[in-house]
Amino acid sequence: MRSRERIRGLLRSPKLTWDAIFRGRYSFVYDQIPFTMERMSMKKRANLFKAGFNLVYRQLTPWNMPLHMQFELTNYCNLRCPVCPSGIRAVKRKPQSMDVDLFGRVIDEVGPYLLTASLWAWGEPLLHPELQKILRAVRKHKIATLLSTNGQYLNDERVIEALTHEPPTHLIVAIDGLTDETNSKFRVGAKLKPILSGVRRIAEIKKKRKQQFPILHMRFIVMKHNQHEVPQMIEFAKTNHFDMLTVRTLSIIDSESTDQTHRNLVPERLEFQAYDYNLGKRFERRDFICQEPFWFPTVFVDGTLVACEQDYNAQQSLGVISENVSFKDLWFSRHAAMVRKIIRDNPKSLSFCQNCPYRDRECTDVSIAAHFLNSEIDFPNLI
């Protein structure tokens, strides 16, 4: 987060503390998505309070459990996006899907403390062979769940059943072009037909069952080749039964091989550029304060815990969760404190910190605009 974002958070802390501790209510915005948690448990309230203090001090061994967490359901993908570690086959870990029992153990341990669970990382989550069991396990807990997909399997009956019987809070569907030609320039190998037919079917099932979830959420990354379609985005999303649309900017990744590719994709319109440039080079900002290792870790498919999802090959693993090693064993360990110290005090020694997609942004949100398209859905979402 930026220094000003941190100060703003601290100034808001008295009211937030009162609402969270005494009313059990907490409102927040997660990457342009508004949420309100109601009737929070005492564990969640206390954890939020501790995390607020750690926002000030950034203790190497934090007082709190995570507020947010990312779960990599698979680490393989069916598309070849040109600036994605999975797309360029830069993920060197063994291709696999997360064991359901492993996921269940971890979510049962951390679920009582979390605000959000993001069910993807460096793979396509709808390829998980037991997706419904994963969603069922996380729905036992009062958490805002987000699942992001390229949508190519949204017309699969197994997937539709999972997403409608055990719905995540937000089903985020990546569409980066309003025609196959435009969309496939970045989402290499993608077709719009399975995406839109699947979304339409889920919308029909939701209406029939009078369900609010999953919120059908279209996400559009603005790039040079699709910026001309921006004026048609909202109408396209409405016509195709989406409840919400967010507009995103293109992030860098930790790979020198994609630097030129990334530059070629940067849109000409300044409002859609993620970074400022000086003589063709990305402008480096000095006021970034990394919070990921203190409240937003990622668990990879094999149970490897990392401080930040950008460490996609686990260069600085905190350890591996197993039947004999719990999340807390790793989160509060001396080794985790050492990794946090490096990220906090000497980030340039780590390539994934040097190429952090958040550090050099004007604002650390990756999405820059949100459009709410369905008046029948309550925004912010009450969880």
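Each value, and the rule that gives it
Residues numbered from 1 in each chain as written. Predicted model: local features only at pLDDT ≥ 70, side-chain atom pairs only at ≥ 80, totals over all residues. Heavy atoms only, no water. Helix = DSSP H or I, 4+ residues; strand = E, 2+ residues; numbered from the N terminus. Rg over C-alpha atoms; globule rule 2.2 N^0.38 Å. Buried < 20%, exposed > 50% of the residue type's maximum accessible area, 1.4 Å probe, protein only. Contact = heavy atoms within 4.5 Å. Areas by Shrake-Rupley, 256 points an atom, 1.4 Å probe, with all protein chains shown as cover. Lys, Arg positive; Asp, Glu negative; His and termini not counted. Charge placed at Lys NZ, Arg CZ, Asp CG, Glu CD. Pairing = 2+ DSSP bridges. Axes fitted to C-alpha atoms, helices over the stretch in contact; angles between N-to-C directions. Parallel < 35°, antiparallel > 145°, perpendicular 65-115°, else oblique. Salt bridge = Lys/Arg side-chain N within 4 Å of Asp/Glu carboxyl O. Phe/Tyr/Trp six-rings, centres within 6.5 Å; stacked < 30°, edge-to-face > 60°. Right-handed = clockwise from strand over helix to strand, strands pointing away.

Caption draft 1: Representation of the overall build of the protein chain. Within the protein chain, the regular secondary structure consists of 13 helices and 15 strands. Against the 2.2 N^0.38 benchmark of 21 Å for 383 residues, the protein chain shows a C-alpha radius of gyration of 20 Å, consistent with a compact globule. Considering only C-alpha atoms, the protein chain reaches an extent of 55 × 50 × 45 Å along its principal axes. Put simply, the protein chain has 383 residues, and 56% of those count as buried. Contacts in the protein chain between residues far apart in sequence, at least 24 positions, make up 74% of those at least 6 positions apart. Of the roughly 16,900 Å² of accessible surface on the protein chain, 52% is carried by carbon and sulfur atoms. Distance between charge centres in the protein chain, computed from 55 positive and 42 negative side chains, equals 3 Å.

Caption draft 2: Quick look at the sheet that holds strand E2 (residues 33-37). Reading across the sheet, the 3 strands line up as E1-E2-E15 and stay open at both edges, with mixed pairing between neighbours. The open sheet has two edge strands with one neighbour each: strand E1 (26-30) and strand E15 (381-382). In this sheet, E15 lies alongside E2 in parallel orientation, the contact comprising 2 bridges. The residue bridging Phe35 from the neighbouring strand is Asn381, located in E15.

Caption draft 3: Main features of the packing of helix H3 (residues 100-110) against helix H4 (residues 131-138). For the pair H3 and H4, interaxial distance at closest approach is 9 Å and the crossing angle is 10 degrees. As the angle between them shows, H3 and H4 are arranged roughly parallel. Contacts from Val100, Phe103 and Ile107 of H3 reach H4 at Lys133, Ile134, Ala137 and Val138.

Caption draft 4: Layout of the pattern of salt bridges. Throughout the structure, instances matching the rule amount to 21 salt bridges. Across the pair Arg136 and Glu166 runs a salt bridge whose closest N-O atoms are separated by 3.3 Å. Here Arg136 is found in helix H4, whereas its partner Glu166 is found in the loop between helix H5 (157-165) and strand E6 (170-174), with 30 residues between them in sequence. In this structure Arg136 comes out as partly exposed when scored by relative accessible area, which is 40%. Its relative accessible area of 14% is what places Glu166 among the buried residues. A salt bridge links Glu284 to Lys348, with the shortest nitrogen-to-oxygen separation between them at 3.9 Å. One end of the pair, Glu284, is in the loop between strand E10 (281-282) and helix H10 (292-295); the other, Lys348, is in the loop between helix H12 (334-345) and helix H13 (351-354), and 64 residues separate them in sequence. Salt bridges linked by common partners bring Asp31, Arg219 and Arg248 together as one network.

Caption draft 5: Summary view of the packing of H4 against H5. The interhelical angle for the contact between H4 and H5, taken along N-to-C directions, is 10 degrees, at an axis separation of 9 Å. Classed by the angle they form, the pair H4 and H5 counts as roughly parallel. The segment H4 lies against H5, with Leu131, Gln132 and Leu135 engaging Arg158, Glu161, Ala162, Leu163 and His165.

Caption draft 6: Highlighting the packing of aromatic side chains. Following the criterion strictly, the structure yields 8 aromatic pairs and no others. Taking 6.3 Å as the distance between ring centres and 40 degrees as the angle between the ring planes, the aromatic pair formed by Tyr30 and Phe296 counts as tilted. Here Tyr30 is found in strand E1, whereas its partner Phe296 is found in the loop between H10 and strand E11 (298-299), with 266 residues between them in sequence. Between Trp122 and Tyr312 the ring centres are 5.8 Å apart and the planes differ by 65 degrees, which places this aromatic pair in the edge-to-face class.

Caption draft 7: Fine view of the pairing of strand E3 (residues 68-71). The two faces of E3 match: His68 and Gln70 on one face and Met69 and Phe71 on the other face are all buried. With 3 bridges joining them, E3 and strand E4 (residues 116-118) adopt parallel strand pairing. Looking at the pairing, Met69 lines up with Ala117 of E4. Assessed by its sense of winding, the connection that carries the chain from E3 through H3 to E4 is right-handed.

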